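Each chain is listed here by its residues.
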Amino acid sequence: MRLRYAMVCSSNQNRSMEAHFILKREGFDVSSYGTGTHVKLPGPSLREPNVYEFGTPYKQMFDELRRKDPELYKRNGILPMLKRNLGVKTAPQRWQENMADGQFDVVFTFEEKVFDMVAEDLHTRDHVLLKPVLVINLEVKDNHEEASIGARQTLTLCQELEATDRWEDVIDDVISAFEQRHRRKVVYTISFY
């Protein structure tokens, strides 16, 4: 694979990690991030989420939630999700703190507000290389089933981008064909490093 990808959601737990898992398995050069101020996982009620700092190891989250209420977190899919995440990387990372990770060719987001945050962050960085980066938002509901569907569709779009000589020359056609095939609206922009 010749392009470098970043998958970004709010907490670097579900949507970005499912896509990271699928793309990594297929041999893509991929990383993943979240844009939130904290990592939030569902708790016993909407008012009681489990909140962690970015950088907290997935293993630590898994062990804590398994101790708190193994039945609840197994039933709602959080423990299996964290187990998957453990096999991909050590801990959730924050997009706004990823400068040391280098540049990406394509950044996927899975929620409009995350797309806006990534685009704004790229806009405020120094554009010294003038290297283009494609930022694509594929709106995906934050649940396990939709994350799985969104990840497979992300893989399809990445494969289509890899099949081009220069994505810059054909991106409008690639996105239009993808939208027609999958009956999904995709928003994208081009920024620079």
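Residues numbered from 1 in each chain as written. Predicted model: local features only at pLDDT ≥ 70, side-chain atom pairs only at ≥ 80, totals over all residues. Heavy atoms only, no water.

## Comments concerning the overall build of the protein
Then, in step 1: When you go through the protein residue by residue, the secondary structure sums to 7 helices and 7 strands.
Then, in step 2: Mapped from its N terminus to its C terminus, the protein presents α and β elements in the order β-α-β-β-β-α-α-α-β-α-β-α-α-β.
Then, in step 3: Scaling as 2.2 N^0.38, a compact globule of 193 residues should have a C-alpha radius of gyration of about 16 Å, and the protein matches this with 17 Å.
Then, in step 4: A principal-axis box enclosing the C-alpha atoms of the protein has dimensions of 50 × 35 × 30 Å. (Helix = DSSP H or I, 4+ residues; strand = E, 2+ residues; numbered from the N terminus. Rg over C-alpha atoms; globule rule 2.2 N^0.38 Å.)

## Considerations on helix H7 (residues 167-182)
Helical periodicity: at 3.6 residues per turn, an α-helix aligns residues three or four positions apart in one direction.
Then, in step 1: Helix length check: H7, at 16 residues, gives a terminal C-alpha distance of 20 Å against a target of 22 Å (1.5 Å per residue), a shortfall beyond 12%.
Then, in step 2: Of all the bends in H7, the greatest, near 30 degrees, is centred on Asp-173.
Then, in step 3: Inspection of H7 places Trp-167, Ile-171, Val-174, Ile-175, Phe-178 and Glu-179 among the buried residues, and these make up the whole buried set.
Then, in step 4: Following H7 by one or two positions, Arg-183 has its phi on the positive side, about 50 degrees. (Expected span 1.5 Å × (residues − 1). Bend = angle between axes of the 7 residues up to and from the residue. Buried < 20%, exposed > 50% of the residue type's maximum accessible area, 1.4 Å probe, protein only.)

## A few points about the layout of surface pockets
Then, in step 1: In this structure, the largest pocket spans a volume of roughly 420 Å³.
Then, in step 2: Taken together, 22 residues form the lining of the largest pocket, with Ser-10, Ser-11, Arg-15, Lys-40 and Asp-142 sitting closest to its centre.
Then, in step 3: Along the lines of polarity and charge, the residues of the lining of the largest pocket split into 6 nonpolar, 11 polar and 5 charged. (1 Å grid on protein atoms, 1.4 Å probe; cavity = no way out; pocket = protein on both sides within 12 Å on 5 of 7 lines; lining within 4 Å. Points joined across faces, edges and corners; volume = space filled by probe spheres on them. Nonpolar A, V, L, I, M, F, W, Y, C, P; charged D, E, K, R; others polar.)

## What about a negative patch on the surface?
Then, in step 1: Among the surface-exposed residues, Glu-112, Asp-116, Glu-120 and Glu-139 lie close enough to one another that they form a single negatively charged patch.
Then, in step 2: In this fold, Glu-120 is placed in helix H5 (residues 112-124).
Then, in step 3: By relative accessible area, which is 48% here, Glu-120 ends up partly exposed. (Patch = residues over 30% accessible without salt bridge, like charges linked within 9 Å, V, L, I, M, F, W, Y side chains within 5 Å. Areas by Shrake-Rupley, 256 points an atom, 1.4 Å probe, with all protein chains shown as cover. Salt bridge = Lys/Arg side-chain N within 4 Å of Asp/Glu carboxyl O. Lys, Arg positive; Asp, Glu negative; His and termini not counted. Charge placed at Lys NZ, Arg CZ, Asp CG, Glu CD.)

## Some thoughts on the sheet that holds strand E7 (residues 186-192)
Then, in step 1: Taken together, 5 strands build an open sheet; the order of strands is E2-E1-E5-E6-E7 and the sheet is mixed. Either end of the sheet is taken by a strand with one partner, and the two such strands are strand E2 (29-34) and E7. Along the sheet, successive strands turn relative to each other by an average axial angle of 20 degrees, direction set aside.
Then, in step 2: Judged from the 4 bridges that link them, strand E5 (residues 106-109) and strand E6 (residues 132-138) form a sheet pairing that is parallel. Each bridged residue has a counterpart across the sheet, and for Val-106 the counterpart in E6 is Leu-134.
Then, in step 3: Contacts from helix H6 (residues 144-162) reach strand E1 (4-9), E5 and E6, with the element oriented near 150 degrees to E6. (Pairing = 2+ DSSP bridges. Axes fitted to C-alpha atoms, helices over the stretch in contact; angles between N-to-C directions. Contact = heavy atoms within 4.5 Å.)

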